[in-house]
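# Architecture and fold: a report
Here is how the chains run, residue by residue.
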Amino acid sequence: MDKVLLIGEPMELLLAEEEGALSDVTHFRASVSGAEMNVAVGLARLGLCPRFMTRLGSDPRAVRIRRFMNENGIADDLIITDPAHLTGAMMKNKTEPGKHEIYYFRQDSAASFLCKADVDALDLSDILAVHFTGIFPSISDSAAAAARQLVKRAHENEITVVFDPNLRCQLWDNSPETIALVNEFAQSADVFLPSLKEAETLCGLTGPEEIADYYISRGTRKVVVKLGKQGAFYKSAVECGTAPTFAADEVVDTAGAGDGFAAGLISGICEEIPLGEAVVRANAVGSMQIQNASDNAGLPTLAELREYMLDHRFVDIKD
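What you are looking at is a predicted structure, and each value in this text was computed from that prediction instead of being measured.

Rules of the game
Residues numbered from 1 in each chain as written. Predicted model: local features only at pLDDT ≥ 70, side-chain atom pairs only at ≥ 80, totals over all residues. Heavy atoms only, no water. Helix = DSSP H or I, 4+ residues; strand = E, 2+ residues; numbered from the N terminus. Expected span 1.5 Å × (residues − 1). Buried < 20%, exposed > 50% of the residue type's maximum accessible area, 1.4 Å probe, protein only. Polar contact = N/O pair within 3.5 Å; in protein donor to acceptor, adjacent residues only side chain to side chain.

### A short note on helix H6 (residues 176-188)
Helical geometry: 3.6 residues make up each α-helical turn, so side chains three or four residues apart lie on a common side. For H6, spanning 13 residues, the distance from its first C-alpha to its last is 18 Å, which sits close to the expected 18 Å at 1.5 Å a residue. Every buried residue of H6 is accounted for by Thr178, Ile179, Leu181, Val182, Asn183, Phe185 and Ala186.

Spelled out as structure tokens, the structure:
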């Protein structure tokens, strides 16, 4: 089976069970989240074999994350235990979609101490694609060095690199240095997955095709610009177009939609289907995920995905 390597920071997620400010909520449900971990869950449910590299502390949060990975078919053999640092965590309140209060506990977390030497030790012989987001190299200089080395080794081994900027307002400082860092990885990736708003922040352009042309001219092979209800624009040397998205029955929580999109797209890339078809699949997975409160509970199996795509119509952008 196809194997995809993901590198990033999984965290314990404490999700509020009643509405209100995080400081007022008394009941939380513990789970696991983190952008790359959500993608790994999606890939496993779609029938791929995700392997996840990170550092975790020697603490109950790490135990929860390992158990979650085992339950979801995600290989944990690349996890490094770091007893000197704690595993990261996050809290999220319950409110209307897109207006969550989120608080992170990840300063000097174990994952931020991943380093170039950790990546040098990886066996990439059975890896078809690697994936990470802009969150990971932004958490520390050490993590950025690890990400650079992973990209370098992937290219040397002809492994596809899929990069999602995943700009988070709680973590994003919008400095020229951070923009340059994210653009560095965008331009060295084989596949770049920004939203329209993220791309405007990163390169100052607003048109999907001009955004794609900007990054392709700088070395990116394929660019997919997420357009929300309008679907996604995609461009490569041989394909160009806009793929529609699917109408959701309801929108419960938009968190995890981009991660679901990435999982759907990566699965299509691994199957070597045309880029446009992979983007339609990615749109469907993202649509399914926003109908659930958890960051990854709505990610479908391949059978569920096929049924959803058959039973749901595309969004009419005139609505």
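### A few points about the side chain of Asn93
Positionally, Asn93 belongs in strand E6 (residues 89-94). Side-chain polar atoms of Asn93 contact the backbone oxygen of Gly20, separated by 3.3 Å. Among the polar contacts listed, one links the side chain of Asn93 to the backbone nitrogen of Glu101, at a separation of 2.7 Å.

### Examining unusual backbone geometry
Although it is not a glycine, Asp108 sits at a positive phi angle of roughly 55 degrees. The residue Asp108 is located in the loop between strand E7 (102-105) and helix H3 (116-120) in this model. The residue Glu272 is not glycine, and still its phi comes out positive at about 60 degrees. With respect to the helices and strands, the residue Glu272 is situated in the loop between helix H9 (257-271) and helix H10 (275-289).

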